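Coordinates in review
Residues per chain, in single letters:
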Amino acid sequence: METQNTKSFSVQKMIQEKKKKKSATAIVEKIMPYILFLAAAVSVFTTIGILLTLIFETFMFFDAVSIKEFFTAKKWYPFSETQGSFGILPLISGTLKVTLIAIVVAVPIGLTSAIYLSEYASDRSRRVIKPILEVLAGIPTIVYGFFALTFVTPLLRDIIPSLEIFNALSPGIVIGIMITPMIASLSEDAMTAVPNSMREGALALGSTKFEVAIKVVLPAAISGIIASIVLSISRAIGETMIVAVAGGSTPNLEWNVTSSIQTMTAYIVQVSQGDAGYGTTIYYSIYAVGMTLFVFTLVMNLIAQYITRRFREEY
């Protein structure tokens, strides 16, 4: 009799505990969607806040400087003692010069690295090389900047005597080294996603391994490769510390890569160090430059997304 009562009590206790667990689970299930929504909304609200700040402060700048002058004037002298000139073309020129040099360096190295890792490297080699490539992406950009100034520039001056201490060539090359891991890693992932059946079919038809890599795998992975390059361009456009340290602070509209330049990000750093008082036209100019930079990177990201969707191959 006591055994039956004990069993009955234990069963009732188990039922009560199960009900408590169910009620606790039900509460968690009701709360979690709101918590997850808030977590997702943080990034959205942050983006909206940044965008509204840029727009508001940019309009303050255009109250003092005309939009036509900003986008068409060929001189950028905001600190002039008389009347400053706010033509952003020299800053855009410096940014594009550095970006173009970086892409010329990064694309060949990144693509060849991706082809080797995807098509030729053994598993052991891939486990060693890929982490080393990814370590490059984790190095602070200020370190890259001093590397460009103290190592790359003196090395280049032995080859190009006319190269100035601050120039576009040195930071462009170093930025290319910095974004190489992005191109290599994303391109290698796109190539690895190509089915082996395509490789085997091409080999069965008599193609060499190199022909398979270039004529089969590369075209099949073209959407991921182009997207990686476009994202790398966006990263190069937004780079700050390398160009601030090794590029100089001389905005000019020339395409000479051996002379000092100033990019949009470098100008923002210069003014943010306290060279302009709060509420002045120079102060508001960093928001106008930042808005221009934001539009550049936004367009590049949209292009990358379009290319990924447009040329995606589904297997």
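Here's a quick rundown of the structure. Owing to the predicted nature of the structure, the values given are computational and were not obtained by experimental measurement.

Procedures and definitions
Residues numbered from 1 in each chain as written. Predicted model: local features only at pLDDT ≥ 70, side-chain atom pairs only at ≥ 80, totals over all residues. Heavy atoms only, no water. Helix = DSSP H or I, 4+ residues; strand = E, 2+ residues; numbered from the N terminus. Expected span 1.5 Å × (residues − 1). Bend = angle between axes of the 7 residues up to and from the residue. Buried < 20%, exposed > 50% of the residue type's maximum accessible area, 1.4 Å probe, protein only. Contact = heavy atoms within 4.5 Å. Salt bridge = Lys/Arg side-chain N within 4 Å of Asp/Glu carboxyl O. Phe/Tyr/Trp six-rings, centres within 6.5 Å; stacked < 30°, edge-to-face > 60°.

A look at helix α6 (residues 169–192)
Between the first and last C-alpha of α6 there are 34 Å, a value that for 24 residues agrees with the 34 Å anticipated at 1.5 Å per step. Ile179 marks where α6 bends most, by close to 35°; the proline Pro181 follows one to four residues later. The element α6 is largely enclosed, with a buried count of 18 among its 24 residues.

Details of helix α5 (residues 141–159)
A rise of 1.5 Å per residue sets the reference length of α5, with its 19 residues, at 27 Å; its end C-alpha atoms lie 25 Å apart and thus fit the reference within 8%. The largest bend in α5 amounts to roughly 40° and is located at Ala148. Among the residues of α5, Tyr144, Gly145, Ala148, Val152, Thr153 and Leu156 are the ones counted as buried. Lining the buried residues of α5 we find α4 (123–138), α6 and α10 (241–246).

Some remarks on the pattern of salt bridges
Per the stated rule, a full pass over the model turns up six salt bridges. Between Lys130 and Glu188 there is a salt bridge, with the nearest N and O atoms lying 2.6 Å from each other. One end of the pair, Lys130, is in helix α4; the other, Glu188, is in helix α6, with 58 residues separating them in the sequence. Residue Glu188 is classed as buried on the basis of its relative accessible area, which comes to 4%. Where salt bridges share partners, they join Asp123, Arg126, Lys130, Glu188 and Asp189 into one cluster.

Comments concerning the packing of aromatic side chains
Per the stated rule, a full pass over the model turns up 11 aromatic pairs. For the pair Phe62 and Phe70, a centre-to-centre distance of 5.4 Å together with 85° between the ring planes defines the contact as edge-to-face. With relative accessibility at 0%, the residue Phe70 sits in the buried group. Each ring, one from Tyr283 and one from Tyr287, has its centre 5.5 Å from the other, and the planes form 70°; the classification is edge-to-face. One end of the pair, Tyr283, and the other, Tyr287, are both in helix α12 (residues 281–310), four residues apart, so they sit about a helical turn from each other. An aromatic cluster of three or more residues is present, and its members are Phe61, Phe62, Phe70, Phe71, Trp76, Phe86 and Tyr267.

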